[in-house]
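Chain by chain, the residues run as shown.
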Amino acid sequence: MNPMFQAMCQSVLEGMPDRAAELAQQALAERMEPLDAVNQGFAVGITSAGEQFGRGELFLPDLLACAEAMKAAMKILEPEMIKRGSQREVLGKVVLGTARGDIHDIGKNLVATILSASGFEIFDLGTSVTPEQFVAKARQVNADIVGISALLTTTMAGQKAVVEAFDRDGLRPRVKVIVGGAAVTAKWADEIGADGFSRNASDALELAKMLMARGAVTA
Ligand code: B1M
């Protein structure tokens, strides 16, 4: 691994927010693509932290420190990604949030940043969002797409509840519901009747564009 990516990964694994922020600044100063810094550096660190946590080699306070370091880097890189987005025309309106009971937001924020930088208008409801909140916001802003992130196997059920709430409310099929998050699969998306699934933020952008092209926009 390139030494800069290695240092980024290490800053997250060691839970050092100041070091992570410094490396993010350095990456921008060296004209590195911010998404490369995320995908090849900082995210490698947080994924590895998650694996160590899963094996019982890291404890929750350690994982929290790793997440703080990751967030410190994202705080510097995300505004730059938005700034670099050249597209000015609004491609569509997207309501985003993490499923009820789930407080993981790093991936969801990255999806929001990439979509926003590429011309989508984002309404980010934050974490632990109920189906009713998704429906109310989608109605209020006349959303084209609603995206629900879930990182826990237990909160994936919240994605299903959102699909059902949109069906009950008569907002589908006009509004498309897309899902993602570490534990989510295309099979799960199919099972719950979602309109799409993506594995990462770049694929989420392609998916959102494809849904808009297929006629998600009606208003
Ligand atoms: Co948590 N956590 N965590 N955690 N955490 C996981 C998810 C876990 C897999 C770790 C493990 O055990 N190996 C595990 C879940 C197991 C399971 O259910 N299968 C777990 C657990 C158990 C927990 C707690 C229950 C721990 C506890 O309290 N005992 C607790 C739950 C709290 C809650 O939500 N109620 C908890 C807490 C936390 C922290 C607070 C410490 C912190 C979150 C900080 C924050 O987000 N603000 C945290 C972290 C950091 C993780 C891991 C290590 C990393 C997640 C992350 O940020 N990844 C995670 C392990 C892992 O996922 N490998 C883990 C980086 C991010 C860029 O990727 O979020 O996957 P990701 O997003 C990607 C794609 O998934 C996709 O695009 C993104 C960018 O490419 N994507 C979408 C995401 N959302 C999308 C939506 C879309 C489309 C694509 O469309 C709408």
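This report concerns the structure included in the present document. (Residues numbered from 1 in each chain as written. Predicted model: local features only at pLDDT ≥ 70, side-chain atom pairs only at ≥ 80, totals over all residues. Heavy atoms only, no water.)

**Considering the packing of helix H1 (residues 3-13) against helix H3 (residues 34-54)**
Where H1 contacts H3, the axes come no closer than 8 Å and their chain directions differ by 40 degrees. Relative to H3, the crossing made by H1 is right-handed. On H3, the residues that touch Phe5, Met8, Cys9, Ser11, Val12 and Leu13 of H1 are Asp36, Ala37, Gln40, Gly41, Phe42, Val44, Gly45, Ile46, Ser48, Ala49 and Gln52. Residues belonging to the contact of H1 with H3 are distributed by class as follows: ten nonpolar, six polar and one charged. (Axes fitted to C-alpha atoms, helices over the stretch in contact; angles between N-to-C directions. Helix = DSSP H or I, 4+ residues; strand = E, 2+ residues; numbered from the N terminus. Left-handed = near helix turned anticlockwise from the far one by under 90°. Contact = heavy atoms within 4.5 Å. Nonpolar A, V, L, I, M, F, W, Y, C, P; charged D, E, K, R; others polar.)

**Some thoughts on the sheet that holds strand S3 (residues 145-149)**
Across the sheet, five strands lie side by side as S2-S1-S3-S4-S5; this open sheet has parallel pairing. Lying at the two open borders of the sheet, with one neighbouring strand each, are strand S2 (120-124) and strand S5 (196-197). Sheet contacts for helix H7 (residues 156-168): S3 and strand S4 (176-180); angle to S3, the most-contacted strand, approximately 160 degrees. (Pairing = 2+ DSSP bridges.)

**What to know about the coordination of the cobalt atom of the ligand**
There is one protein donor for the cobalt atom of the ligand, namely His104 (NE2), at 2.2 Å. Note on placement: histidine 104 falls in the loop between strand S1 (92-98) and helix H5 (106-117). (Donors = N, O, S within 2.8 Å, 3.2 Å for Na, K, Ca; no water.)

**Looking at the environment of alanine 194**
As for its position among the elements, alanine 194 is in the loop between helix H8 (186-191) and S5. A sequence separation of 34 residues divides alanine 194 from lysine 160, and the C-alpha atoms of the two residues are 8.0 Å apart.

**Quick word on the site of the ligand**
Taken together, 34 residues lie near the ligand, and Gly50, Ile103, His104, Asp105 and Ser149 sit nearest. At a separation of 3.0 Å, a nitrogen atom of the ligand approaches a polar backbone atom of glycine 101. At a separation of 2.7 Å, an oxygen atom of the ligand approaches a polar backbone atom of isoleucine 103. Broken down by element, the residue count for the shell around the ligand peaks at five residues, all from helix H4 (residues 60-84). (Near = heavy atom within 4 Å. Polar contact = N/O pair within 3.5 Å; in protein donor to acceptor, adjacent residues only side chain to side chain.)

**Re a nonpolar patch on the surface**
Nonpolar side chains collect at one region of the surface, where Phe53, Leu60 and Leu64 lie side by side and expose about 290 Å² of accessible area between them. In this fold, leucine 64 is placed in helix H4. (Patch = residues over 30% accessible without salt bridge, like charges linked within 9 Å, V, L, I, M, F, W, Y side chains within 5 Å. Areas by Shrake-Rupley, 256 points an atom, 1.4 Å probe, with all protein chains shown as cover. Salt bridge = Lys/Arg side-chain N within 4 Å of Asp/Glu carboxyl O.)

**What about the environment of lysine 160?**
For lysine 160, the location among the structural elements is in helix H7. Separated by 131 residues in sequence, lysine 160 and alanine 29 place their C-alpha atoms 43 Å apart. In this view, lysine 160 contacts Trp188 and Ile192; residues no more than four positions away in its chain are not counted.

**A few points about the nonpolar core**
Membership of the largest hydrophobic core comes to 45 residues, with the highest contact counts inside it found for Met8 and Phe42. The set of elements that each furnish at least two residues to this core consists of H1, helix H2 (17-29), H3, H4, S1, H5 and helix H9 (201-216). In this view, methionine 8 contacts Leu23, Ala27, Met32, Ala37, Gly41 and Phe42; residues no more than four positions away in its chain are not counted. By size, the runner-up hydrophobic cluster in this structure holds 27 residues, among which are Val95, Val141, Val146 and Val179. (Core = buried A, V, L, I, M, F, W, Y, C linked by side-chain atoms within 4.5 Å. Buried < 20%, exposed > 50% of the residue type's maximum accessible area, 1.4 Å probe, protein only.)

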